[in-house]
Amino acid sequence: MSNAIVTEVVIVGAGPCGLFQVFELGLLGIKAHLVDSLAHAGGQCSELYPEKPIYDIPALPVCGAQELIDRLQQQIKPFGAEQHYGHEVTVVRKRDDGRFDVETAGGLVFDAGAIVIAGGVGSFQPKRLGVDGAEAFEGTNVFYKVRNAAQYHGQRLVIFGGGDSALDWALDFAGKAKSLTLVHRRAEFRAAPASVARMRELEAAGQLTFIEGVAESLMLEDGRFAGVNVKATAGTTHALPADSVFAFFGLHPKLGPIAEWGLELEKRALKVDTEKFQTSVPGIFAVGDINTYPGKKKLILSGFHEAALAAFGIQHYLYPSKRQFLQYTTTSPVMHQRLGIPD
Ligand SMILES: Cc1cc2nc3c(=O)[nH]c(=O)nc-3n(C[C@H](O)[C@H](O)[C@H](O)COP(=O)(O)OP(=O)(O)OC[C@H]3O[C@@H](n4cnc5c(N)ncnc54)[C@H](O)[C@@H]3O)c2cc1C
């Protein structure tokens, strides 16, 4: 393919294990491109628990999850791997010459010598609103993320959810929306207590309405979106005219396209050997939460080890006649050169 980005390796997934794979490949002088469907690096660490501390990373007695990702980014910087975010890898196809065609939903195309799948538990998808017909209005009236906040100013807004995203956006839109309703199925919130307290103040000041309840159905007028019916816990149904409805119910992982690449699976994970962490297709490796083998533990630490061994496996796949030997980062001049460390 003429417009393809030619590279030694494509890494699918930029969670902690995908990021560390860049490092291990880089030490061996192998270049990689990183691709992730999320808008940023970090996988579960950044998406699910960025503020939480991790206690089982060697030599870091405590490290925030986002801090770990920031540190990994710093560590892989010398290798200059290009990182492509907002791109779900949809196609991985092995060619007769042993190389791979890789395509993303957003139109990126790679011609890669080897693949590492570091897809974790899959790509994260928003949990949907769960009322009939909502899909037809996704992106026009029903939203799962806010792209350009200003476009909703002056609108009638309904926000569903009780976590930080729901509360943060409710606070942000208060005073800017024409009308604003927050709906959550319980009176208790997962969001930061300070945000909940502020929301209650805005409610008292009449800038926001809170309803304890769930979405029941869409309101349509001549087939056009007109709002949403909410069934309150108390039993009454509220018809809420709205221009835009947001649902912030969190994300759930979907193995998605990875399951369609012809690789052997066991319980929704990719079977690998424990010598090189190669899948059932030579040249496609898998590290981190996405893989399985006897004794597998889904820990970041395990993924780091897997990435180190996969790097050697990849080097052998790409350059079979190259002699392999172990070098220490402490003493290897060639590794210092690759790391940009003056000897
Ligand atoms: C609340 C919580 C606390 C945790 N605490 C710890 C702990 O203390 N210690 C520990 O070791 N582990 C902990 N874990 C587990 C740890 O986060 C995972 O083991 C780790 O994130 C796995 O890293 P990964 O790189 O394999 O995958 P992930 O972090 O899941 O990242 C995978 C990435 O791949 C992307 N992706 C998937 N499919 C595609 C595709 N087709 N195209 C493009 N991108 C794709 C996803 O968008 C995602 O960003 C915790 C997990 C949770 C949820």
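For the structure itself, consult the block above.
Model, not experiment: these values are computed from the prediction.

Asker: Before we go on, may I ask you to explain the overall build of the protein chain in this structure?
Answerer: What the protein chain contains, in helices and strands, is 7 helices and 21 strands. Along the three orthogonal principal directions, the C-alpha set of the protein chain runs to about 75 × 45 × 35 Å. Considering only residue pairs separated by 6 or more positions, the protein chain has 57% of its internal contacts joining residues 24 or more positions apart. Accessible area of the protein chain: about 16800 Å², with a carbon and sulfur share of 52%.

Asker: Please explain the packing of aromatic side chains as it appears in this structure.
Answerer: For any pair of aromatic rings, the description consists of the separation of the ring centres together with the inter-plane angle of the planes. Tallying each qualifying case throughout the model produces 14 aromatic pairs. Ring centres of Phe160 and Phe249 lie 6.5 Å apart, and the angle between their planes is 65°; on these two criteria the pair is classed as edge-to-face. With Phe160 in strand β11 (residues 156–160) and Phe249 in the loop between β16 (244–247) and β17 (251–254), the pair connects residues that are 89 residues apart, well separated along the chain. The class for Phe160 is buried, based on a relative accessible area of 2%. Residue Phe249 is classed as partly exposed on the basis of its relative accessible area, which comes to 30%.

Asker: Mind showing me how you'd approach the site of the ligand here?
Answerer: The environment of the ligand is formed by 31 residues, the closest being Asp36, Gln44, Tyr49, Val89 and Asp289. Between an oxygen atom of the ligand and a main-chain N or O atom of Pro16, the distance comes to 3.4 Å. Within the side chain of Asp36, an N or O atom sits 2.7 Å from an oxygen atom of the ligand. In the complex, the protein chains occlude 87% of the 1000 Å² of accessible area that the ligand would expose alone. At the level of elements, α1 (16–27), β2 (32–36) and α2 (43–48) are the ones that each hand at least two residues to the shell around the ligand. In terms of residue class, the shell around the ligand is made up of 14 nonpolar, 12 polar and 5 charged.

Asker: How should the layout of surface pockets be read in this particular structure?
Answerer: Any empty space left between atoms is shown by rolling a water-sized probe over those atoms. Empty space within the largest pocket amounts to approximately 1600 Å³. Looking at the largest pocket, it is lined by 42 residues, and the ones nearest its centre are Glu47, Tyr144, Lys145, Ser165 and Leu251. Counting residues per element, the ones that place at least two in the lining of the largest pocket are α2, β9 (123–126), β10 (142–143) and α4 (164–173). Grouping the amino acids of the lining of the largest pocket by side-chain chemistry returns 18 nonpolar, 13 polar and 11 charged. Around the second largest pocket sit 38 residues that line it, and Gln44, Ala118, Gly119, Gly120 and Val121 are the ones nearest its centre. Those elements that place two or more of their residues in the lining of the second largest pocket are α1, β2, α2, β9 and α6 (300–318).

Asker: Honestly, the sheet that holds strand β18 (residues 265–266) in this entry has me stumped. Any pointers?
Answerer: Pairing within the open sheet is mixed, and its 3 strands lie in the order β18-β19-β21. Either end of the sheet is taken by a strand with one partner, and the two such strands are β18 and β21 (291–292). Across 2 bridges, the pairing between strand β19 (residues 269–271) and β21 is parallel. Note on β21: the bridge partner recorded for Leu270 is Asn291.

Asker: Any chance you could explain α1 here in plain terms?
Answerer: Because each turn of an α-helix spans 3.6 residues, side chains separated by three or four positions end up pointing in the same direction. Counted at 1.5 Å a residue, the expected span for α1 with its 12 residues is 16 Å, and the 17 Å between its end C-alpha atoms agrees. Within α1, burial applies to Pro16, Cys17, Gly18, Leu19, Phe20, Gln21, Val22, Phe23, Glu24, Leu25, Gly26 and Leu27.

Asker: I keep staring at the pattern of salt bridges and nothing clicks. Help me out?
Answerer: Opposite charge on two side chains permits pairing when their charged atoms draw close. Applying the stated rule across the entire model yields 18 salt bridges. The salt bridge partner of Arg95 is Asp111, with a shortest N-O separation of 3.4 Å. Of this pair, Arg95 sits in the loop between β6 (89–94) and β7 (100–104) while Asp111 is found in strand β8 (residues 109–117), placing the two residues 16 residues apart along the sequence. With a relative accessible area of 23%, Arg95 lands in the partly exposed category. The closest approach of N and O atoms between Glu188 and Arg186, which form a salt bridge, is 3.5 Å. A single network of salt bridges, built from pairs that share partners, joins Arg93, Arg95, Asp97, Arg99, Asp101, Glu103 and Asp111.

Asker: Where do I start with the sheet that holds strand β12 (residues 179–184) in this structure?
Answerer: Across a sheet, strands are paired by hydrogen bonds formed along the backbone, either parallel or antiparallel in direction. Taken in spatial order, the 7 strands of this open sheet run β10-β16-β11-β12-β13-β14-β15, and their pairing is mixed. This sheet does not close on itself; its edge strands, each paired only once, are β10 and β15 (237–241). Sheet topology places β10 next to β16; 2 bridges connect them, and they run parallel. Along β16, the bridge assignment pairs Phe143 with Phe246.

Asker: What is the right way to look at the side chain of Thr7 in this model?
Answerer: Relative to the elements of secondary structure, Thr7 occurs in strand β1 (residues 5–12). Thr7 sits in the buried class, given a relative accessible area of 7%. Apart from the residues within four sequence positions on either side, Thr7 is in contact with Lys31, Ala32, His33, Arg99, Phe110, Asp111, Ala112 and Gly113.

Scoring rules and cut-offs
Residues numbered from 1 in each chain as written. Predicted model: local features only at pLDDT ≥ 70, side-chain atom pairs only at ≥ 80, totals over all residues. Heavy atoms only, no water. Helix = DSSP H or I, 4+ residues; strand = E, 2+ residues; numbered from the N terminus. Contact = heavy atoms within 4.5 Å. Areas by Shrake-Rupley, 256 points an atom, 1.4 Å probe, with all protein chains shown as cover. Phe/Tyr/Trp six-rings, centres within 6.5 Å; stacked < 30°, edge-to-face > 60°. Buried < 20%, exposed > 50% of the residue type's maximum accessible area, 1.4 Å probe, protein only. Near = heavy atom within 4 Å. Polar contact = N/O pair within 3.5 Å; in protein donor to acceptor, adjacent residues only side chain to side chain. Nonpolar A, V, L, I, M, F, W, Y, C, P; charged D, E, K, R; others polar. 1 Å grid on protein atoms, 1.4 Å probe; cavity = no way out; pocket = protein on both sides within 12 Å on 5 of 7 lines; lining within 4 Å. Points joined across faces, edges and corners; volume = space filled by probe spheres on them. Pairing = 2+ DSSP bridges. Expected span 1.5 Å × (residues − 1). Salt bridge = Lys/Arg side-chain N within 4 Å of Asp/Glu carboxyl O.

Purely spatial values, then, with no claim about function.
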